[in-house]
Amino acid sequence: MSENKPSNKPSPGGSGQPPERFQPKVVVIWLIILAAIFGVWSLNGVQQGQVRVLSIPEVIAAVESNQIEDGTMIQDPQGGVFY
């Protein structure tokens, strides 16, 4: 009769046992994920420029003297409705 010897090869269906050797693919995947997180985090600080709140007369004076290169006006919901 033949003896059933346990083999060192992993079963194709997966036996639920951890791998027996170091897996470099896992380390590479984690390094890529960490690099992506760091890249997104570092780019977030670059997008924020100088923000300065101006009154309407200051905006008009700055536009007329070409001091404003680019800007965005946002309505303050606490400021009320202007007619």
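Residues numbered from 1 in each chain as written. Predicted model: local features only at pLDDT ≥ 70, side-chain atom pairs only at ≥ 80, totals over all residues. Heavy atoms only, no water.

### Concerning the overall build of the chain
Counting its regular elements, the chain contains two helices and zero strands. Here the chain, with 83 residues, has 1% of them falling under the buried criterion. With the model as given, the accessible surface of the chain reaches about 9,000 Å², and the carbon-plus-sulfur share is 60%. (Helix = DSSP H or I, 4+ residues; strand = E, 2+ residues; numbered from the N terminus. Buried < 20%, exposed > 50% of the residue type's maximum accessible area, 1.4 Å probe, protein only. Areas by Shrake-Rupley, 256 points an atom, 1.4 Å probe, with all protein chains shown as cover.)

### Re a nonpolar patch on the surface
A cluster of nonpolar side chains, namely Val26, Ile29, Trp30, Ile33, Leu34 and Ile37, defines an oily patch on the protein surface of about 590 Å² accessible area. Within the secondary structure layout, Ile33 lies in helix α1 (residues 24-47). (Patch = residues over 30% accessible without salt bridge, like charges linked within 9 Å, V, L, I, M, F, W, Y side chains within 5 Å. Salt bridge = Lys/Arg side-chain N within 4 Å of Asp/Glu carboxyl O.)

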